[in-house]
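Read off the chains here:
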Amino acid sequence: MSKNEIIHLLSKISYFSELDFSALEHVATATIVQAYETGQYTFMEGEPCVGLYIVKSGWLRAVRISPTGREQVIRFVGPGEAFNEVGVLTGGTNVISVEALEPAKVLIVQRKVLLGLVDKHPSLAKSIIENLARRVLYAMNMVTDLSLHSVESRLAQFLLGEADANTVHRKKWATQAAIAARIGTVPVVINRVFRSFTEDHLIELEREKILILDHAGLEKIASSNE
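A brief structural summary.

Scoring rules and cut-offs
Think of each chain on its own: its residues are numbered from 1, step by step along the sequence as written. Confidence filtering applies because this is a predicted model: local features only for residues at pLDDT of at least 70, side-chain atom pairs given and counted only at 80 or more, and all residues used for totals across whole chains, interfaces and linings. Hydrogens are left out, water is left out, and the side-chain values use all remaining heavy atoms of the structure. In this description, a line fitted to the C-alpha atoms serves as the axis of each element, helices being fitted only across the stretch in contact, and the angle between N-to-C directions of two axes falls anywhere from 0 to 180 degrees. Numbering of helices and strands runs from the N terminus, with a helix taken as a DSSP run of H or I at least four residues long and a strand as a DSSP run of E at least two residues long. For any helix crossing, the convention is left-handed if the near helix is rotated counterclockwise from the far helix by under a right angle, and right-handed if that rotation is clockwise. It only takes one pair of heavy atoms within 4.5 Å for two residues to be counted as in contact. Only Asp, Glu, Lys and Arg are considered charged in this grouping, and only Ala, Val, Leu, Ile, Met, Phe, Trp, Tyr, Cys and Pro are considered nonpolar; every other residue, Gly among them, is considered polar. Only buried residues count toward a nonpolar core, which is a set of Ala, Val, Leu, Ile, Met, Phe, Trp, Tyr and Cys residues joined through side-chain atoms within 4.5 Å. Each residue is assigned to one of three classes by its accessible area relative to the maximum for its type, calculated with a 1.4 Å probe on protein chains only: buried under 20%, partly exposed between the two thresholds, exposed over 50%. The patches reported here contain residues having more than 30% relative accessible area and no salt bridge. Joining distances are 9 Å for like charges and 5 Å for nonpolar side chains (Val, Leu, Ile, Met, Phe, Trp, Tyr). Accessible areas in this description were obtained via Shrake-Rupley with a 1.4 Å probe; residue shielding takes into account the shown protein chains only. By convention in these notes, a salt bridge is any Lys or Arg side-chain nitrogen within 4 Å of a carboxyl oxygen on Asp or Glu. Two strands pair under a simple rule: DSSP has to find at least two bridges between them. We call Phe, Tyr and Trp rings a pair once their centres come within 6.5 Å, taking the six-membered ring for Trp, and we label the pair stacked below 30 degrees between planes, edge-to-face above 60, and tilted otherwise.

Focus: the packing of helix H1 (residues 3-11) against helix H2 (residues 21-29)
Logical step 1: The geometry of H1 relative to H2 is characterised by a closest axis approach of 9 Å and an angle of 115 degrees between their N-to-C directions. The hand of the H1/H2 crossing is right-handed. Here Lys3, Ile6, Ile7, Leu10 and Ser11 of H1 lie close against H2, whose contacting residues are Phe21, Leu24, Glu25, Val27, Ala28 and Thr29.
Logical step 2: In terms of residue class, the contact of H1 with H2 is built from seven nonpolar, two polar and two charged.

Some remarks on the nonpolar core
Logical step 1: Grouped together as the largest cluster of nonpolar side chains are 26 residues, with contacts concentrated most on Leu10, Tyr15, Phe16, Leu52, Ile54 and Val109.
Logical step 2: Secondary-structure elements contributing two or more residues to this core are H1, H2, strand S3 (51-57), strand S8 (104-110), helix H4 (111-120) and helix H5 (122-148).
Logical step 3: The contact partners of Leu10, leaving out residues within four places of it in the chain, are Phe16, Leu24, Val27, Ala28, Thr31, Ile54 and Val109.
Logical step 4: By size, the runner-up hydrophobic cluster in this structure holds 19 residues, among which are Val151, Ala180, Ile190 and Ala222.

As for a nonpolar patch on the surface
Logical step 1: On the surface, Val136, Leu137 and Met140 cluster together to form a nonpolar patch covering roughly 300 Å² of accessible area.
Logical step 2: Judged by its relative accessible area of 52%, Met140 falls in the exposed class.

So, the pairing of strand S7 (residues 97-100)
Logical step 1: Burial along S7 is two-sided: the face carrying Ser97 and Glu99 and the face carrying Val98 and Ala100 are both buried.
Logical step 2: As paired elements, strand S2 (residues 41-43) and S7 share two bridges and run antiparallel to each other. Paired with Phe43 across the two strands is Val98, which belongs to S7.
Logical step 3: As paired elements, strand S4 (residues 60-65) and S7 share four bridges and run antiparallel to each other. Among the inter-strand pairings, Leu60 is bridged to a residue of S7, identified as Ala100.

Describing the packing of aromatic side chains
Logical step 1: On inspection of all chains with the given rule, the structure shows six aromatic pairs.
Logical step 2: Each ring, one from Trp59 and one from Trp173, has its centre 6.0 Å from the other, and the planes form 40 degrees; the classification is tilted. Linking Trp59 in the loop between S3 and S4 with Trp173 in the loop between strand S9 (167-169) and helix H7 (176-183), this pair joins segments that are 114 residues apart in sequence.
Logical step 3: Taking relative accessible area as the criterion, Trp59 reaches 24% and is therefore assigned partly exposed.
Logical step 4: For Trp173, a relative accessible area of 14% corresponds to the buried category.
Logical step 5: Ring pairing ties together the aromatic residues Phe43, Tyr53 and Phe83, which thus form one cluster.

Some remarks on the sheet that holds strand S5 (residues 71-77)
Logical step 1: The strand order S2-S7-S4-S5 describes an open sheet built from four strands, whose pairing is antiparallel. Across the chains shown, the open sheet's two edge strands, defined by having one partner strand only, are S2 and S5. If you compare each strand with its neighbour and ignore which way they point, the axes differ by 30 degrees on average.
Logical step 2: Contacting S4 and S5, H7 runs over the sheet at an angle of about 100 degrees to S5.

Quick word on the pattern of salt bridges
Logical step 1: The full count for this structure, using the stated rule, is five salt bridges.
Logical step 2: Between Arg64 and Glu45 there is a salt bridge; the shortest N-O distance is 3.0 Å. Here the residue Arg64 occupies a position in strand S4, and Glu45 occupies one in the loop between S2 and S3, the gap between them amounting to 19 residues.
Logical step 3: Take Arg64: its relative accessible area is 39%, and that puts it in the partly exposed class.
Logical step 4: Residue Glu206 pairs with Lys209 through a salt bridge whose shortest N-O separation is 3.9 Å.
Logical step 5: Since its relative accessible area comes to 30%, Glu206 is described here as partly exposed.

A few points about the sheet that holds strand S11 (residues 209-212)
Logical step 1: In space, the three strands of this open sheet follow the order S9-S11-S10, with antiparallel pairing throughout. The sheet is open, and its two edges are formed by S9 and strand S10 (203-205), each paired on a single side. Taking each pair of neighbouring strands and ignoring which way they run, the sheet shows an average axis angle of 15 degrees.
Logical step 2: Bridge count between S9 and S11: three bridges; the pairing is antiparallel. For Thr167, the partnering residue across the bridge sits in S11 and is Leu211.

Here it is in C-alpha cells:
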C-alpha cells in the first residue's frame, strides 16, 4: 500500500478521523502493512505488543485460551475495525490472541507512535477511552450471560442479535463450533441446542444462513434466566 492509501484508510477509522493531515502522515510513516493466511495468528497472548491493529480486509477473531486449550471468543473483527487497544495501553503485553479466519490484511500502528499521539491529541485519547468503555460494558454483559443465562438463552440472544430480517448470514468460517466458542460453550452442547431449536420449528439451518421461523419464540427463550 502507498502512504496515501494508508492515510486514506486511517482517516476512516474513528480513532484518527479528527487528526490533521500532518498527524495522519506521521502515523502512516510508522504503520506496518501485514498479510495473514487463514488460521495464522497475528499475535499471541503474553507476547510483547507491537501496536494497534486495523483491519483492511478479511475477518479475524480475538480469543482467550485456557491452559487446557479451551477458547473463549472475545470478539470478531472485520474491515475498518481496530483491535489490541488494551495491549497498547497496559504495559505493552498482548492480553488476547488473534487468529485470521480467512486471508486478511491489517495495518499495524506502532505502539510508541500511538502513545505519543495520545499525549498530543485529546480527541484521540477521548476516542480510545470511549471505545474501551464499550469493551468493558461488553465484557460485563458477557459475564452476566455466562453466569445467569442458559446455553439456550445465549444462543437465542446471539441469533436475534446477528439476524437481518430474520436471516443470519453465515460466513464459511462461522461453524457451529465457532458459535459455541462465541457464546461460551462447547460444540457438542451447541449442536444439541441447534437440533432442539430446529425440531421446535424456531429456526431452519441452511449451509450459508440460518432462518428464524419463530421470532417471538426465540425472544421468549432469550429473556429466560433458566
